[in-house]
Structures are given as C-alpha cells and as structure tokens.
Amino acid sequence: IFAQDIGRSVEFYRQAFGAEIALDWSEVCDERGQVFPGRGALLRIPGGGFIEIFPAEPAEEALEFPLVAIIGTPNCHSAFERACAAGARPYAPERAVKRGIDWDGRPRKMWLGGPSGASIRIAYLKGPDGEIVELLESTQSEVQDIRLEA
C-alpha cells in the first residue's frame, strides 16, 4: 500500500484489524549503497499474512488500479464495523456497479459456484489511502487458516 501518511495507515490497520508492526524503517539502503528514503512498515495481521506500507510521493496520484488487501475474519459484520470505526468507508466494487448489481460493499452472504460450493460473507471498504480492503468470512478450511481473532 502506498500511503501519504504512514503513521495514519499503521494506526488504521492496528485499530481495525489488530495488526502489529513486524518491521519498520526510516530508509532502505541496497548493496550498492543506494538509499531509498522514506519511512515504511511491514504489519503482521493476526492469524497470518502481512501488509506492507510504502511512502507515496506527495504529488503522486492515487493508483489507477485496485490494490486489494484480503483479510480473513470469523465475523465479517463485526470486522466491517470495527474498520469503519477506525476510519474506513464502505466501497461498492466496480465490477458490481458496472454490472448493475445493487451493492454498496457492506457485508453480504454469497455462494461460490463450481467445485468448492462454499458459502462466504464478504465486504469491501476503502482504507485511509484509498486502498481497497476485502473482508472474507468462510467456513472453508483454506480461509479459516487466515482468520482474524474477533
């Protein structure tokens, strides 16, 4: 995630999802001695997974492609409310809007066709720097392994 305010983004992911800083830095230096300035952070998400936050240049435009962080949760509704309380806002997925599907991104139960036949509950939000966050609740064991604690 490219953030205008690293501290704000770190605090958002801490409050919303219980993330903890695994690594943070004020600059990066490569083996040739080249320095890449700017604070960054690698956040550990409870239950597994990471979110890396890089500094965005002040004049940089928002990314034109959807950058999605997918976060597994045992309760999509409570994770959605916690994220909104921490500053996220509901996001209507573009693919749904383009297809005329009435959905504002709030938690919704869905069924996956095909071999898995899984039922899921998902929600979409926009984080503090415009990044798209998908919350995923499922009874499938593959998803259970990455769940957040409620």
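We now turn to the structure provided with this report. Remember, it's a predicted structure, so these values are computed and weren't measured experimentally.

Some points on the packing of aromatic side chains
Logical step 1: Summed over the entire model, instances satisfying the criterion amount to 5 aromatic pairs.
Logical step 2: With 4.8 Å between their ring centres and 80 degrees between their planes, F12 and Y13 make a pair best called edge-to-face. As far as the burial class goes, F12 and Y13 line up, both buried.
Logical step 3: Taken together, the aromatic side chains of F12, Y13 and F17 make up a single cluster linked through ring pairs.

So, the nonpolar core
Logical step 1: Counting residues in each nonpolar core, the largest one holds 26 residues, and the members touching the most others are Y13, F17, I51, I53 and L135.
Logical step 2: For this core, the secondary structure elements donating two or more residues are α1 (6–17), β3 (35–44), β4 (50–55), β5 (68–72), α2 (76–85), β8 (119–126) and β9 (132–138).
Logical step 3: At 6 residues, the largest contribution of residues to this core is made by α1.
Logical step 4: Sequence-distant contacts of I53, defined by excluding residues within four places in its chain, comprise I1, A3, I6, S9, V10, Y13, W25, G40, A41 and L43.

Describing the pattern of salt bridges
Working definition: two side chains of opposite charge can pair if their charged atoms are close together.
Logical step 1: Evaluation of the coordinates by the stated rule reveals 4 salt bridges.
Logical step 2: Between D129 and R8 there is a salt bridge; the shortest N-O distance is 3.1 Å. One end of the pair, D129, is in the loop between β8 and β9; the other, R8, is in helix α1, and 121 residues separate them in sequence.
Logical step 3: Look at R8 and you get partly exposed, because its relative accessible area is 37%.
Logical step 4: Ionic pairing is found between R106 and D104, a salt bridge with its closest N-O pair at 2.9 Å.

Topic: the pairing of β4
Logical step 1: Relative to β4, strand β1 (residues 2–3) runs parallel, the two being bridged by 2 bridges. Looking across to β4, one finds that A3 is bridged to P55.
Logical step 2: Here β3 pairs with β4 via 4 bridges, running antiparallel. In the strand pairing of β4, L43 is matched with I51.
Logical step 3: Between the end of β3 and the start of β4, which pair antiparallel, lie 5 residues, with G47 showing a positive phi angle near 90 degrees.

Some details on α1
Logical step 1: Between its first and last C-alpha, α1 extends 16 Å over 12 residues, near the 16 Å set by a 1.5 Å rise per residue.
Logical step 2: Among the residues of α1, the N-terminal cap falls to D5, whose side-chain oxygen and the backbone nitrogen of G7 are separated by 3.1 Å.
Logical step 3: Downstream of α1 by a residue or two, G18 has a phi angle that is positive, lying close to 70 degrees.

What counts and what doesn't
Residues numbered from 1 in each chain as written. Predicted model: local features only at pLDDT ≥ 70, side-chain atom pairs only at ≥ 80, totals over all residues. Heavy atoms only, no water. Phe/Tyr/Trp six-rings, centres within 6.5 Å; stacked < 30°, edge-to-face > 60°. Buried < 20%, exposed > 50% of the residue type's maximum accessible area, 1.4 Å probe, protein only. Core = buried A, V, L, I, M, F, W, Y, C linked by side-chain atoms within 4.5 Å. Helix = DSSP H or I, 4+ residues; strand = E, 2+ residues; numbered from the N terminus. Contact = heavy atoms within 4.5 Å. Salt bridge = Lys/Arg side-chain N within 4 Å of Asp/Glu carboxyl O. Pairing = 2+ DSSP bridges. Expected span 1.5 Å × (residues − 1). Polar contact = N/O pair within 3.5 Å; in protein donor to acceptor, adjacent residues only side chain to side chain.

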